[in-house]
Amino acid sequence: APNAFITECFLDELARAAGKDPVEFRMPLLANHMRARRVLQTVAEKAGWGKPMPKGKGRGIAQHTCFGTSTAQVAEISVNEATGAFKVDRVVVAVDCGPVVNPGPLVAQIEGGVLLALSTVLKEVIHFENGGVKSSNFHDYNILKMSDTPEIEVHIVKSTEKIGGIGELGVVALAPAVANALFNATGARVRRLPLDPKTVLEALQKKGA
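This one's a predicted model, so the numbers in the text were calculated from it and none came from an experiment.

## Looking at the overall build of the protein chain
Per the secondary structure count, the protein chain includes six helices and six strands. Ordering the α and β elements of the protein chain from the N terminus gives α-α-α-β-β-β-α-β-β-β-α-α. Over its C-alpha atoms the protein chain spans a radius of gyration of 17 Å, differing by no more than 12% from the 17 Å that the globule rule assigns to 209 residues. Among the 209 residues that make up the protein chain, the fraction classed as buried is 48%.

Below, the structure is given as structure tokens:
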């Protein structure tokens, strides 16, 4: 997941620097990786990639392959630029893990991974003080709440490729998809986690400086 955050956010930056759509920019780079191309195309289609977003909203994409499985995610967010607070409204996921016998547990695993990753992206941080850990329990270690849960769509790509793992695939592409959505909505690039209001507001102020 940390590798995916770095590489997929950097690819998004490269696409913007080249003046290209992030999906269009990635496709030639994946010419020899058909599974990655398939999930990228699927998630873009299912998420309505390319359709304009209202002011204050943004859409970001990320793709990653690990454990023999390819996945891609699109995150849609709503952001308040005055405060730096934002909410993830929708996450669309495409997965190619080879032949699927029972899709129910696969979808549940991806949904759980998205929520686990979203908690890390938006809230979770350990604070240190006087040479030790200051955070002691959930009163000062924030985690995702039910009210923070976005709409999640999981699309399984039909595949006859070699079977891959699914255990952590909901996690890996979420952080860069959200960070890229934040940039799409505001033009502010945040390169560290968590994406809490203070961090986002600092990036917004730096953008305007």
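## Quick look at unusual backbone geometry
Residues L193 and P194 are joined by a peptide bond in cis, for which omega reads 0°. By the secondary structure assignment, P194 is in the loop between α5 (174-186) and α6 (197-208). Not every positive phi belongs to a glycine, and N130 is a case in point at roughly 55°. In this structure, N130 sits in the loop between β4 (128-129) and β5 (132-133).

## Some words on the sheet that holds strand β3 (residues 86-96)
Overall, mixed pairing links the four strands, which are arranged β1-β2-β3-β6 in an open sheet. The sheet is open, and its two edges are formed by β1 (57-66) and β6 (151-156), each paired on a single side. Going from strand to strand, the sheet's axes swing by 15° on average, the running direction of each strand aside. By the bridge criterion, ten bridges tie strand β2 (residues 69-79) to β3 in an arrangement that is antiparallel.

## Details of the packing of helix α1 (residues 2-18) against α5
At a minimum axis separation of 8 Å, α1 and α5 run at an interaxial angle of 30°. One finds that α1 runs roughly parallel with respect to α5. Crossing of α1 over α5 shows right-handed handedness. Contacts from A4, F5, E8, C9, D12 and R16 of α1 reach α5 at A175, P176, A179, N180, F183 and N184.

## Structural notes on the nonpolar core
Core analysis: the biggest nonpolar cluster contains 40 residues, and F86, I110, L174, V178 and L195 have the highest contact counts within it. Those elements that place two or more of their residues in this core are α1, β1, β2, β3, α4 (103-122), β6, α5 and α6. Sort the elements by how many residues they give to this core and α5 lands first, with eight residues. Counting 16 residues, the second-largest nonpolar core is a separate cluster that includes M27, L40, V43 and A94.

## Concerning the pattern of salt bridges
For the structure shown, the criterion picks out 15 salt bridges. The salt bridge partner of R38 is E161, with a shortest N-O separation of 3.6 Å. Of this pair, R38 sits in helix α3 (residues 34-47) while E161 sits in the loop between β6 and α5, placing them 123 residues apart in sequence. Note on R38: relative accessible area 24%, which makes it partly exposed. For E161, a relative accessible area of 34% puts it in the partly exposed group. Among the salt bridges present, the one from E202 reaches R192, with a minimum N-O distance of 3.3 Å. Highlighted residues: E202 in helix α6 and R192 in the loop between α5 and α6, separated in sequence by ten residues. Taken together, the shared-partner salt bridges connect D12, E13, R16, R189 and R191 into one network.

## Describing the packing of aromatic side chains
By the definition in use, this model includes zero aromatic pairs. In this structure, R189 is placed above the aromatic ring of F183, and the distance from its NZ or CZ to the ring centre is 4.0 Å.

## Let's talk about the state of the cysteines
All told, the structure shown has zero disulfides when counted by the stated rule. Cysteine C66 remains unbridged, with the sulfur of C97 as its closest cysteine sulfur at 12 Å. By relative accessible area, which is 14% here, C66 ends up buried.

Thresholds, definitions, all that
Residues numbered from 1 in each chain as written. Predicted model: local features only at pLDDT ≥ 70, side-chain atom pairs only at ≥ 80, totals over all residues. Heavy atoms only, no water. Helix = DSSP H or I, 4+ residues; strand = E, 2+ residues; numbered from the N terminus. Rg over C-alpha atoms; globule rule 2.2 N^0.38 Å. Buried < 20%, exposed > 50% of the residue type's maximum accessible area, 1.4 Å probe, protein only. Pairing = 2+ DSSP bridges. Axes fitted to C-alpha atoms, helices over the stretch in contact; angles between N-to-C directions. Parallel < 35°, antiparallel > 145°, perpendicular 65-115°, else oblique. Left-handed = near helix turned anticlockwise from the far one by under 90°. Contact = heavy atoms within 4.5 Å. Core = buried A, V, L, I, M, F, W, Y, C linked by side-chain atoms within 4.5 Å. Salt bridge = Lys/Arg side-chain N within 4 Å of Asp/Glu carboxyl O. Phe/Tyr/Trp six-rings, centres within 6.5 Å; stacked < 30°, edge-to-face > 60°. Lys NZ or Arg CZ within 6 Å of the ring centre and 35° of its normal. Disulfide = S-S within 2.5 Å.

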